[in-house]
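Structure at a glance
Below, each chain spelled out in residue letters.
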Amino acid sequence: KRPIMRIPSLAIHLDREATENFKYNKEGNLIPVLASEMQARLGGKPADSGTAAHHGLLLELLARELNVDAKNIRDFELDVCDTQPAVIGGALEEWIFSPRLDNLLSSFCAIEALASDEVAKSLASSTDVHVVALFDNEEVGSSSAAGAASSLLKDFFNRFNEVVRENVKNVPADFVESSLARSFVVSADMSHGV
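Residues numbered from 1 in each chain as written. Predicted model: local features only at pLDDT ≥ 70, side-chain atom pairs only at ≥ 80, totals over all residues. Heavy atoms only, no water.

**Considering the overall build of the protein**
Within the protein one finds seven helices and two strands. Across the protein, helices and strands are ordered from the amino to the carboxyl terminus as α-α-α-β-β-α-α-α-α. Buried positions account for 11% of the 194 residues belonging to the protein. Long-range pairs, those at least 24 residues apart, make up 28% of the contacts in the protein with a sequence separation of at least 6. A total of about 16,200 Å² of accessible surface is found on the protein, and carbon and sulfur atoms cover 55% of it. (Helix = DSSP H or I, 4+ residues; strand = E, 2+ residues; numbered from the N terminus. Buried < 20%, exposed > 50% of the residue type's maximum accessible area, 1.4 Å probe, protein only. Contact = heavy atoms within 4.5 Å. Areas by Shrake-Rupley, 256 points an atom, 1.4 Å probe, with all protein chains shown as cover.)

**Side note on the packing of aromatic side chains**
Per the counting criterion, the structure on display carries four aromatic pairs. Summarising the aromatic geometry, the rings of Trp95 and Phe97 are spaced 6.3 Å apart at their centres and angled 55° between planes, so their arrangement reads as tilted. Connected via pairs of aromatic rings, a cluster forms that spans Phe156, Phe157, Phe160 and Phe175. (Phe/Tyr/Trp six-rings, centres within 6.5 Å; stacked < 30°, edge-to-face > 60°.)

**Re the nonpolar core**
Most often, soluble globular proteins keep nonpolar side chains buried together rather than apart. Formed by Leu58, Leu59, Leu62, Ala63 and Ile73, the largest nonpolar core amounts to five residues. Sequence-distant contacts of Leu58, that is, excluding residues within four places in its chain, are made with Met5, Leu34, Phe76 and Leu78. (Core = buried A, V, L, I, M, F, W, Y, C linked by side-chain atoms within 4.5 Å.)

**Some details on the layout of surface pockets**
Of the pockets and cavities examined, the largest pocket occupies roughly 1,600 Å³. Forming the walls of the largest pocket are 40 residues, and the residues nearest its centre are Val131, Val132, Ala133, Val185 and Val186. Going through the elements one at a time, α4 (101-115), α6 (152-167) and α7 (175-181) are the ones with two or more residues in the lining of the largest pocket. The greatest single-element share of the lining of the largest pocket, amounting to seven residues, is contributed by α4. (1 Å grid on protein atoms, 1.4 Å probe; cavity = no way out; pocket = protein on both sides within 12 Å on 5 of 7 lines; lining within 4 Å. Points joined across faces, edges and corners; volume = space filled by probe spheres on them.)

**Digging into a nonpolar patch on the surface**
Nonpolar side chains collect at one region of the surface, where Ile7, Tyr24, Leu30 and Val80 lie side by side and expose about 360 Å² of accessible area between them. Tracing the backbone shows Ile7 in the segment before α1 (18-21). Judged by relative accessible area, which is 38%, Ile7 ranks as partly exposed. (Patch = residues over 30% accessible without salt bridge, like charges linked within 9 Å, V, L, I, M, F, W, Y side chains within 5 Å. Salt bridge = Lys/Arg side-chain N within 4 Å of Asp/Glu carboxyl O.)

Here it is in structure tokens:
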């Protein structure tokens, strides 16, 4: 609904080498700031009236959003995300400026296309299998257990092959291989399109 934290960065003129040599530590350099001590004191908010694990100001904010007493919040896990909305930009208004376009928009388009009325009508009489594979961990490595270079999709097809063989007569021995050879595969990656 509204931004409540910020991950600050040092102004470039205060550290000219930051763009050349800076290596950030995710735990030390990317800590979000909730409020300044001065503003907390001026606003009558205590510096901290929370628990050993969580700042009182954050607990109070969460309690207000959830409409519960802060004492009833035992623990939580939060993800920090950008709250700026996507905008159309460029001199000819031909670009979309937005974070997370890669994963969110291409995933949305794939699911929308598969679920569209036209595709649903063609699926009714089709003997083909339509699959949208959405992989996690793109940013930290496609070779992770759930990444695109993992065995996840291959395992899916092998399991699917077993189900088909149990339920359909005269399935060719090379069913998976021939299915893949006839497949149309799209790897959607928007950020590399410009």
